[in-house]
Amino acid sequence: MKAVKYRWNPNKMIWWAYKNDDTVAVAKEICESSATIAPDNSDVQTAGAAFVPKRCHPVTNKIYRTASRRVISFYGINAGAAIYSIDEKIALNEFFEIMLKSWVKESAYPSAQKDPQFNLANDPTYGQCAVTAMLVNKFFGGDIRKIHVSGGGTHYFNVINGQIFDLTRDQFDLYNLPVDYSSSTNVSIQYCGKNANTKARYDILEKIL
């Protein structure tokens, strides 16, 4: 959407652009000629805007797959298409797609690397939560949150604009393991990086991106 000069208005929950022949054509194409076109005196973001309802956004319908071709998603994916990086160059959903191609065994938590059942191709988010949450925080801002999960382990995820985004949630959903975000606590990226192993794995992943 940004490539064709549309911008997201989180308050009105719409994509908007200055109204001209090109932006109107894009709106109609995306929504199969059913997009609402704001009149010239509309108060939608700015006068003379053509806007596309959120339900027409094409990115949210994209299917992501692991290297093993299993369909994979993340917690908050429906809202992720409208979350852009600090430099406004990439949406969170696009970042997730990049991460799918970037996660490696060496960036996973040590115990995950030693697990004989470790299968990067089918379970790429396994042991990748801390380093992934750090990278999301670096590029998209927001908060890093920490929770304890079944078995006593620690899990990290992100909160951006009050919305929970957990790009590594699949490692639990794959095995029907519960995740409770209600008791989370805020931690900083510096806190995560204090652990030498975590920082080393973060550096590995950051260089791959």
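Note that the coordinates shown come from a computational prediction; the quantities given were computed from them, not determined experimentally.

Rules and cut-offs
Residues numbered from 1 in each chain as written. Predicted model: local features only at pLDDT ≥ 70, side-chain atom pairs only at ≥ 80, totals over all residues. Heavy atoms only, no water. Pairing = 2+ DSSP bridges. Helix = DSSP H or I, 4+ residues; strand = E, 2+ residues; numbered from the N terminus. Axes fitted to C-alpha atoms, helices over the stretch in contact; angles between N-to-C directions. pLDDT = per-residue confidence, 0-100. Contact = heavy atoms within 4.5 Å. 1 Å grid on protein atoms, 1.4 Å probe; cavity = no way out; pocket = protein on both sides within 12 Å on 5 of 7 lines; lining within 4 Å. Points joined across faces, edges and corners; volume = space filled by probe spheres on them. Nonpolar A, V, L, I, M, F, W, Y, C, P; charged D, E, K, R; others polar.

## A few points about the sheet that holds strand β8 (residues 163–165)
The strands that make up a sheet pair up through hydrogen bonds in the backbone, lying either parallel or antiparallel.
Item 1. Taken in spatial order, the four strands make up an open sheet running β8-β7-β6-β9, and their pairing is antiparallel. The open sheet has two free edges, formed respectively by β8 and β9 (185–187), since each of these has just one partner strand. Taking each pair of neighbouring strands and ignoring which way they run, the sheet shows an average axis angle of 45 degrees.
Item 2. The sheet contact formed by strand β6 (residues 143–148) and strand β7 (residues 154–160) spans six bridges and is antiparallel.

## Let's talk about the confidence of the model for the protein
Item 1. Mean pLDDT over the protein: 84, with 80% of residues reaching 70 or higher.
Item 2. When pLDDT is averaged over each element of the protein, helix α5 (residues 129–140) comes out on top at 98 and strand β3 (residues 49–53) at the bottom at 48.
Item 3. Confidence drops under a pLDDT of 50 for residues 33–48, and excluding neighbours within four residues, the segment shows 34 contacts in the predicted structure.
Item 4. Segment residues 50–59: pLDDT under 50, and 39 contacts once partners within four positions in sequence are set aside and those in other chains are kept.

## Notes on the layout of surface pockets
Item 1. Put simply, the largest pocket is a space of about 680 Å³.
Item 2. Lining the largest pocket are 30 residues, and of these Y109, S111, G127, C129 and T154 sit closest to its centre.
Item 3. Elements that contribute at least two residues to the lining of the largest pocket include exactly α4 (110–114), α5, β7, α6 (170–173), α7 (189–193) and α8 (196–208).
Item 4. Of the residues belonging to the lining of the largest pocket, the class tally is 14 nonpolar, 13 polar and three charged.

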